[in-house]
Each structure stands twice: as C-alpha cells, then as structure tokens.
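Take a look at the letters that make up each chain.
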Amino acid sequence: MISKTLSSICGLLVVSTTFGTPSKLDSLLKELDRTIHAEKQLMSTKEKRINRLKQLLHSSTSVEAKFNIYDQIFDEYEVYICDSAYHYAQLISELAGRHGSQHWANESKLQTSSILTTSGMYPEAVDILRSVGKGQLSGDQLTDYYTNFYHAYNEWGEYAEYGYRQQYKSLGRAYQDSLLAILQPEHRSYAFEHAWRAIENGDYERANSLLFQRLPVTEPNTRDYSILTSMIGILFWYLDDIDRHKEYLAVSAISDINASIMENTSLRSLANVLFGEGDLSRANAYIKKSLNDANFYNARLRSIQISKLYPIIENAYQLERQQRQRELQTLLAVISVLSVLLALTVVYIIIQFRKLAEARKQTLLANDQLKDNNRSLAEANHIKEEYLGRFLNLCSTYIEKMETHHRRLYKTAKEGNLAALTEKLKSNTFIEEELAEFYQNFDHAFLKIFPRFIEQFNALLHREDHVMPKQGEILNAELRTFALIRLGITDSQRIAEFLRYSITTIYNYRSKFRNKATVPREQFEAAVMKISSFNA
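Predicted model only: the values in this text are computed from it and were never measured.

Enquirer: Help me understand the overall build of the protein chain, please; the structure alone is not making it clear to me.
Expert: When you go through the protein chain residue by residue, the secondary structure sums to 24 helices and 0 strands. Burial status across the protein chain gives 39% buried among its 536 residues. Long-range contacts, defined here as pairs at least 24 residues apart, represent 60% of the contacts in the protein chain between residues at least 6 apart.

Enquirer: Just to check I follow, could you spell out helix α10 (residues 190-200) for this structure?
Expert: Note on helix geometry: an α-helix contains 3.6 residues per turn, so any two residues three or four positions apart are oriented the same way. For α10, the tally of buried residues reaches 9 of 11 residues, placing the bulk of the element in the interior. Among the residues of α10, Tyr-190, Ala-191, Phe-192, Glu-193, His-194, Ala-195, Arg-197, Ala-198 and Ile-199 are the ones counted as buried. Considering only its buried residues, α10 is in contact with α8 (139-159), α9 (164-182), α11 (204-214) and α12 (223-238). In the stretch just after α10, Gly-202 is the one whose phi turns positive, near 80°.

Enquirer: Whenever I open this one, empty space enclosed by the protein confuses me. Can you help?
Expert: One simple way to see leftover space: roll a probe sized like a water molecule over the atoms. Evaluated as defined, the whole model comprises 2 cavities of 30 Å³ or more. Reported here for the largest cavity is a volume of approximately 50 Å³. Of all the secondary-structure elements, those providing two or more residues to the lining of the largest cavity are α13 (242-258) and α15 (280-297). Per-element accounting of the lining of the largest cavity gives the leading share, 3 residues, to α13.

Enquirer: What am I meant to see in the packing of aromatic side chains here?
Expert: For any pair of aromatic rings, the description consists of the separation of the ring centres together with the inter-plane angle of the planes. Across all of its chains, the model carries 35 aromatic pairs by this definition. Ring centres of Tyr-501 and Tyr-509 lie 6.4 Å apart, and the angle between their planes is 90°; on these two criteria the pair is classed as edge-to-face. Take Tyr-501: its relative accessible area is 36%, and that puts it in the partly exposed class. One aromatic cluster is present, formed by Phe-438, Tyr-439, Phe-442, Phe-446, Phe-450, Phe-453, Phe-457, Phe-482, Phe-498, Phe-513 and Phe-524 through successive ring pairs. Its guanidinium or amino end placed over the ring of Phe-513, Lys-516 lies 6.0 Å from that ring's centre, counting from NZ or CZ.

Enquirer: I'm lost on the confidence of the model for the protein chain in this one. Help?
Expert: Atom-level detail of predicted coordinates should not be read off regions where pLDDT is low. On average, residues of the protein chain score 84 in pLDDT, and 85% of them reach the 70 mark or higher. Predicted confidence is poor over residues 1-22, with pLDDT under 50, and the contacts of this stretch with residues over four places away or in other chains come to 6 contacts.

Enquirer: Even after reading the chapter, I still don't get the packing of α11 against α12, so can you show me in this structure?
Expert: Describing two packed helices takes the angle between their axes plus the distance from one axis to the other. Between α11 and α12, the least distance of the axes is 10 Å, while the angle of their chain directions is 155°. Classified by the angle their axes make, α11 and α12 are roughly antiparallel. The handedness of the crossing between α11 and α12 comes out as left-handed. Here Tyr-204, Ala-207, Asn-208, Leu-211, Phe-212 and Arg-214 of α11 lie close against α12, whose contacting residues are Leu-228, Met-231, Ile-232, Leu-235, Phe-236 and Tyr-238. Its residues placed into classes, the contact of α11 with α12 shows 10 nonpolar, 1 polar and 1 charged.

Enquirer: Help me out: how do you make sense of a nonpolar patch on the surface in this one?
Expert: A grouping of Leu-328, Leu-331, Leu-332, Ile-335 and Leu-342 is seen on the molecular surface, where their side chains present a nonpolar patch of about 410 Å² in accessible area. No other element matches helix α16 (residues 300-337), which puts 4 residues into the nonpolar patch. When you line up the elements, Leu-342 lands in helix α17 (residues 339-414). Assessed through its relative accessible area of 35%, Leu-342 is described here as partly exposed.

Enquirer: Mind showing me how you'd approach the pattern of salt bridges here?
Expert: Enumeration over the complete set of coordinates arrives at 20 salt bridges. For Asp-177, the salt bridge is made with Arg-197, and the minimal N-O distance between the two is 2.6 Å. Note that Asp-177 is positioned in helix α9 and Arg-197 in helix α10, a separation of 20 residues in sequence. In this structure Asp-177 comes out as partly exposed when scored by relative accessible area, which is 37%. Residue Arg-197 is classed as buried on the basis of its relative accessible area of 12%. Between Glu-455 and Arg-452 there is a salt bridge, with its nearest N and O atoms 3.3 Å apart. Each of Arg-173, Asp-177, Arg-197 and Glu-200 takes part in one network of salt bridges that share partners.

Enquirer: Quick question: what am I supposed to make of helix α19 (residues 429-449) here?
Expert: Under the 1.5 Å per step criterion, the end-to-end length of α19 is 30 Å for 21 residues, consistent within 8% with the ideal 30 Å. Restricting attention to buried positions, one finds in α19 the residues Phe-430, Glu-434, Phe-438, Tyr-439, Asn-441, Phe-442, Asp-443, Ala-445, Phe-446 and Ile-449.

Enquirer: Before we go on, may I ask you to explain the side chain of Ser-492 in this structure?
Expert: Tracing the backbone through its elements, the reader meets Ser-492 in helix α22 (residues 492-499). In this structure the side chain of Ser-492 is engaged in a polar contact, spanning 2.8 Å, whose partner is the side chain of Arg-510. Leaving out residues up to four positions away in the same chain, Ser-492 has contacts with Ile-503, Ile-506, Tyr-507 and Arg-510.

Enquirer: Please explain unusual backbone geometry as it appears in this structure.
Expert: The phi angle of most residues is negative, glycine excepted, and most peptide bonds adopt the trans form. If you check the backbone angles, Asn-221 has positive phi at about 60° while not being a glycine. Checked against the element boundaries, Asn-221 lands in the loop between α11 and α12. The residue Ser-260 is not glycine, and still its phi comes out positive at about 55°. Here Ser-260 lies in the loop between α13 and α14 (266-277).

Enquirer: Hey, could you run me through the nonpolar core in this one?
Expert: Across soluble globular proteins, nonpolar side chains have a tendency to be buried as a group. Formed by 49 residues in total, the largest nonpolar core has its most connected members in Leu-32, Tyr-145, Leu-211, Ile-232, Leu-270 and Tyr-286. Sort the elements by how many residues they give to this core and α13 lands first, with 7 residues. Those residues in contact with Tyr-145 that sit more than four places away from it in its chain are Leu-110, Leu-129, Val-132, Lys-134 and Leu-137. Listed in part, the 30 residues of the second largest apolar core include Phe-438, Ile-454, Val-467 and Leu-499.

Cut-off values and rules
Residue indices begin from 1 for each chain and proceed along its sequence in written order. For this predicted model, a pLDDT threshold of at least 70 governs which residues receive local features, and a threshold of 80 or more governs which side-chain atom pairs are given and counted, while totals over whole chains, interfaces and linings are taken from all residues. The basis for every side-chain value is the complete set of heavy atoms in the structure, and neither hydrogens nor water enter the calculation. By the criteria applied, helices consist of DSSP H or I runs no shorter than four residues and strands consist of E runs no shorter than two, each listed in order from the N terminus. For the exposure calls, accessible area comes from a 1.4 Å probe over protein chains only, and a residue counts as buried if that area is under 20% of its type's maximum, exposed if over 50%, partly exposed in between. Here, two residues are considered to be in contact whenever any of their heavy atoms come within 4.5 Å of each other. Here a cavity means grid points, on a 1 Å grid over the protein atoms only, where a 1.4 Å probe fits yet cannot get out; a pocket means an open set of points with protein on both sides within 12 Å along at least five of seven lines; lining residues are those with an atom within 4 Å of a point. Grid points are joined across faces, edges and corners, and a volume is the space filled by probe spheres set on the points. A pair of aromatic rings is counted whenever rings of Phe, Tyr or Trp (Trp by its six-membered ring) have centres within 6.5 Å, and the orientation is called stacked for planes under 30 degrees apart, edge-to-face for over 60 and tilted otherwise. Only Lys NZ and Arg CZ are tested; either one counts as a charge over a ring when it is within 6 Å of the ring centre and within 35 degrees of the ring normal. The predictor attaches a confidence to each residue, and that confidence, scored 0 to 100, is pLDDT. Helix axes are fitted only over the stretch in contact, all axes being lines through C-alpha atoms; the angle between N-to-C directions runs from 0 to 180 degrees. When describing relative orientation, an angle under 35 degrees is termed roughly parallel and one over 145 degrees roughly antiparallel, while 65 to 115 degrees is termed roughly perpendicular and anything else oblique. The sense of a crossing depends on the near helix, which, turned anticlockwise from the far helix by less than a right angle, makes the crossing left-handed and, turned clockwise, makes it right-handed. Gly is put with the polar residues, along with every residue not named as nonpolar or charged; the nonpolar set is Ala, Val, Leu, Ile, Met, Phe, Trp, Tyr, Cys and Pro, and the charged set is Asp, Glu, Lys and Arg. Think of a patch as exposed residues, more than 30% relative accessible area, with no salt bridge, where like charges cluster within 9 Å and nonpolar side chains (Val, Leu, Ile, Met, Phe, Trp, Tyr) cluster within 5 Å. Here the open area of atoms and residues is found with the Shrake-Rupley method and a 1.4 Å probe, where only the protein chains shown may cover a residue. Within this document, salt bridges are pairs made up of a side-chain nitrogen of Lys or Arg and a carboxyl oxygen of Asp or Glu, the two lying within 4 Å of each other. To estimate how far a helix should extend, the number of its residues minus one is multiplied by 1.5 Å. N or O atoms within 3.5 Å of each other form a polar contact, as long as, within protein, one can give a hydrogen and the other can take it, and as long as residues adjacent in sequence are counted only when both atoms are side-chain atoms. By convention a nonpolar core is built from buried Ala, Val, Leu, Ile, Met, Phe, Trp, Tyr and Cys residues, the set being connected through side-chain atoms within 4.5 Å.

Quick look at the structure:
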C-alpha cells in the first residue's frame, strides 16, 4: 500500500513538472485571464469614447455632421449593446425621413437588419432587406446588403426545422455568391468571405493563404482582428490542429475584450474545447464570462445559446471540485501514515529554506535597487507632468479666445451686418494665427521636456538625411510628427488631425524616415520613443 502511494505521489510530481513547462498556449491563456480582470477599465474607455461622440451631437450644426456622429455611435454599439445600436439606427432613419435622404435611409435599413439578425429575428431582418432598392445602393452599401442577406438566411437555416433548413441555407449561399462576385481584393471583407467559402469547400490551403495574408495588415484589438483570428482558429479545427485552434481562439477572445466586443463567440468556443479536454476551471470561468457578455449585449438569442452550455460546464466543474476535495482528504490520510518518512524531508526542507533565505536576501537587495530606479522615474514623470500641465493651460487660453471670437461674430450677426459677418466667416486669418501660435507653444513645451530631441532624432539618421528647422522655425512638420510619436500618439489618423495634414502625408513622413534610419526600419519608431527627456 505504501509503495503504491509513493509511486502515485512521484507520478503526480512528474505530471506537474511536465504540464508546468510554459508554452505559447499557456502564455495566451494567462494573458486572456489578465485581460478579463482588466475588462472594467477597458469598458470605461469605450464608454468615454461613446460619451464624447454623444456630446458632439449637441455642438453639431449640420445635418451631415449629425448623420456621421449617429453612424459612429452605431458602429460603437453594434457589437457592444444591441438595443442601443438599434436605437441609433432608428435615429438615422428619422433623420433620413426629415431630410429626404435615400442614402441615409438605406444605411439605416442595413444597420437595422444586421442587429435583427444578431438578435435572432430573421424574418424581420429579411423583410427589411427586401424593402431596400438594390439599384439605389452605393458600393459599400451593396456589399453590406449581400452580406446581411447571406448572414440572415444562413443563420436562419441553422435554427430552422423540417425542410426549411436547406431552403434557407441555399438562399444564404446564393447571396454569398453575389457577395463574392463584387468583393474586390482590397476590401476588408474579401479575405473573410472568400476564406470562409474555401473552408466550406474543403480548400483549406486557399483559406490559409487568404487569412494569413490579411493578418499582418489588420490592426490588433479591433473587430476585424477578432473575426480574422477566430476564423484562423476554425481553420485549424478543420485541419485537426487543436493546439493552434485554441491559440487563435484565445487571441481572438483577447482582442474581443480589449475592443469591448460583447457580441463574440471565440471565448464560448474556447470554453467548449477546454471543457472537452477536462480544464473545467477555465472552461467554467470563460463560459460565465460569455454569458455575462451576452446578457450585457442584450441579444436574447446569444443568451439562449450560451445558457444551453453553461449548466453542463458548471455541473461538471462542481463535480470536479467535489472529487478534488475527496482526493485531498485521502491524501491527508496518507500523509498522516507517512509522517515518519516525511521527517527526513523536513530536514531537507530546512536546508533548502536556508538557501532560500539567502536568495531572498539577494532579492530584497535587488528590490531596493529597483525602488531607487522607480523613484528616479517618478521624479522624471513628475517633471513631464508639470510641463504638460502648462501646455494644457495654453489650450484653455485657446478656448477662451475662441469664445471671444464667437461672441464677436454673434454681436455682428445680432447687429444685422451680414456683409461684415460673411467677411469674417470667410477669413481664415484667425484660425491660421491661432494654429501658428498653438504649434509654436507646442514646440516650446515639447523642447523643454525633450531639449535634445532634434539632436537625438538626427542621431538615428544618416548625416546626409539630418533634419533641421528653417530660420524662424522651432520644429518643422516632419519633426513635429515624430514629436507626437515620442509623446505616445502613434495613430496616423490622430497625428494627421493634430497637424491638419492628410493621413497620406503622415504615412509618407513615417515611411521616409524609416527608410533613412541607421537602425533597422521596423525598430526606428521604437528608437524615437527612447529619446530621453532633459539631459538624462
């Protein structure tokens, strides 16, 4: 009996050591767990972004601006809160009705049909799509039109009974054919839709090529990235590569959470696979998270789908916990019998503890050094905050100037002097002067924080490619672009808006200096981020 127990303990140690070896999947699952814990903060960022858009509605003066804001809010809610997305689709419909815009009316119908399909209201979604005049649609709208018809009929076929299943599936495939016929290779949906058809046809090699060609050019933590990595996971399922199937489902789930996408399937699919493999703890946590997401999104069909799986996993998880408790009780009884043998182990442990104490001492010394370094970093960050605070005060001054300018315009308008008002509105002098002063203040503030920026930036370039401001300039447009990157603003769209350039110009600036860098081009912007503040 004792020999068998010792053998069992040794076996458990061997198994524990084997599975304790880190792997890519283990790392991804740990990252997924950390991302789930950070979900509230990520959702808060999403809510702030939506609230900013809603505030813009109060200040928007043109109908086109209001439509664009409604459209952006719908995009935010489409995979976040189903009812809210539906609401803003209806607001677009009302706006279209008031202003006689067929384009906006069609956009609202396409948005509404998408939400109804997600909610499982397939007949209603199809009825709305049938009311759309196909000949009146723009290129993107026609793509959405075929996509929505395809998804509505395809999903309707999944839940239909009797002979209707095949009928709806056939209709869905017909619309899928139409969609594939009009999609151009540069369209964001081209890889998705063609890869899915390839998977359905068993052409896994073509699907693999399409999806992995699209992956490097798709921004992480976006809806497209979530869909793309989920499809890659599905592809590996068909290829019977379960490890990579799980890896890409985990990547997709992480992307869903980072992007606050509540209309998701990857986490539920991953929970199902882990459940089948016996990882009941994670499977239970993930299926609970999926159910919470579905309830938050408030699409009843998704909640019903997950609710069918949830009690199965939860029950198995509770049974496993009970089994573990019984095993623990048995193990404790065995330990009591083997207490004499464990006395020798205690002696060994004491020796190891002494070694551990010495190691802990060294760790504490290292921690003290780390604390010193952190204090130095905190001091530097405090200095940066002081200067950025000054910069924000300048922004406040700009707002006050704008208010004064607005009052002057209002006074002119109130006096009925339309000619003077028109002349003032046509003039760009005020804006150009304020922009020039704004950029000058930005340049001064930035160079106070990073006084050696120009010198250190040029150190990353070949001598013949050095960049120097012209007479009277503090920073030129190219240096200002990389100044923003050094401050952590890396999105080209945001940089273009800040500098009032086209996004193509910003892309060209970034590409040009990557090619001129003395460091590898893919490391150039990381090197810019390391440019030190003050004289550090």
